[in-house]
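If you want the building blocks of each chain, they are given just below.
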Amino acid sequence: MSTTKPNFTQYLGYQFGQVLPPSMQDWVRNDLVGKGAQARYLARFTLPVLPLLALFLLVPGPLWIGLSMIALLIIPLVYFA
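Keep in mind that this is a model prediction, so the values were computed, not measured.

Asks: Explanation requested: the overall build of the protein in the structure shown.
Replies: The number of helices and strands found in the protein is five helices and zero strands. Traced from its N-terminal end to its C-terminal end, the protein shows the element sequence α-α-α-α-α. Relative to the globule expectation of 12 Å for 81 residues, the C-alpha radius of gyration of the protein, 17 Å, shows a markedly less compact shape. The contacts in the protein between residues at least 6 apart in sequence include a share of 25% that link residues at least 24 apart.

Below is the structure:
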């Protein structure tokens, strides 16, 4: 059984919800439930939010204040993901 992998544009579309052709069904199954799937899911869920949360680092004051505000949001986000 040969697993067909998506090219870069297909992979990018897949990340944004595009359906891949049936020939890549095994690859999608492995991506969703194979080894490392939990880490990939967590990364897909949290990485898009990080630039938005990084704006808290622009709050005037000590660095720990911005980091604390980020932690108050990222910890529950990761927990409930």
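Having seen the model, we can carry on.
Asks: Mind showing me how you'd approach the packing of aromatic side chains here?
Replies: Working definition: an aromatic ring pair is given by the centre-to-centre distance plus the angle between the planes. Tallied over the full model, the rule gives five aromatic pairs. Plain terms: the ring middles of Tyr11 and Tyr14 are 6.3 Å apart, the flat faces sit at 35° to each other, and that makes the pair tilted. Here Tyr11 pairs with Tyr14, and both are found in helix α1 (residues 8-15), just three residues apart, close to one helical turn. Owing to a relative accessible area of 33%, Tyr11 belongs among the partly exposed residues under this scheme. An aromatic cluster is defined as three or more aromatic residues linked by ring pairs; in this entry it consists of Tyr11, Tyr14 and Trp27.

Asks: Just checking my understanding: could you explain the pattern of salt bridges for this structure?
Replies: Two side chains carrying opposite charge are able to pair once their charged atoms lie near each other. Taken as a whole and judged by the stated rule, the model has three salt bridges. For the salt bridge of Arg40 with Asp31, the shortest nitrogen-to-oxygen distance reads 3.0 Å. Residue Arg40 is classed as partly exposed on the basis of its relative accessible area, which comes to 26%. Taking relative accessible area as the criterion, Asp31 reaches 6% and is therefore assigned buried.

Asks: Sorry, what's going on with helix α2 (residues 25-33) here?
Replies: Owing to its 3.6 residues per turn, the α-helix brings residues three or four apart onto one side. All of the buried residues along α2 are Trp27, Val28 and Asp31. The arc that holds the buried residues of α2, viewed along the axis, is 100°, so those residues lie on one side. On its buried side, α2 packs onto α1 and α3 (37-46).

Asks: Which parts of the structure should I look at to understand the nonpolar core?
Replies: Soluble globular proteins tend to bury their nonpolar side chains together. The biggest cluster of nonpolar side chains holds five residues, and these are Tyr14, Leu20, Met24, Trp27 and Val28. Each residue touching Tyr14, except ones within four places of it in the same chain, is listed here: Leu20, Trp27, Val28, Asp31, Leu32 and Arg44.

Asks: What's the story with the side chain of Asp31 in this structure? I'm lost.
Replies: Note that Asp31 resides in helix α2. A distance of 2.6 Å separates a polar atom in the side chain of Asp31 from a polar atom in the side chain of Tyr14. Beyond its immediate chain neighbours, meaning those up to four positions away, Asp31 contacts Tyr14, Ala37, Arg40 and Arg44.

Parameters and conventions
- Residues numbered from 1 in each chain as written.
- Predicted model: local features only at pLDDT ≥ 70, side-chain atom pairs only at ≥ 80, totals over all residues.
- Heavy atoms only, no water.
- Helix = DSSP H or I, 4+ residues; strand = E, 2+ residues; numbered from the N terminus.
- Rg over C-alpha atoms; globule rule 2.2 N^0.38 Å.
- Contact = heavy atoms within 4.5 Å.
- Phe/Tyr/Trp six-rings, centres within 6.5 Å; stacked < 30°, edge-to-face > 60°.
- Buried < 20%, exposed > 50% of the residue type's maximum accessible area, 1.4 Å probe, protein only.
- Salt bridge = Lys/Arg side-chain N within 4 Å of Asp/Glu carboxyl O.
- Arc of directions from axis to C-beta.
- Core = buried A, V, L, I, M, F, W, Y, C linked by side-chain atoms within 4.5 Å.
- Polar contact = N/O pair within 3.5 Å; in protein donor to acceptor, adjacent residues only side chain to side chain.

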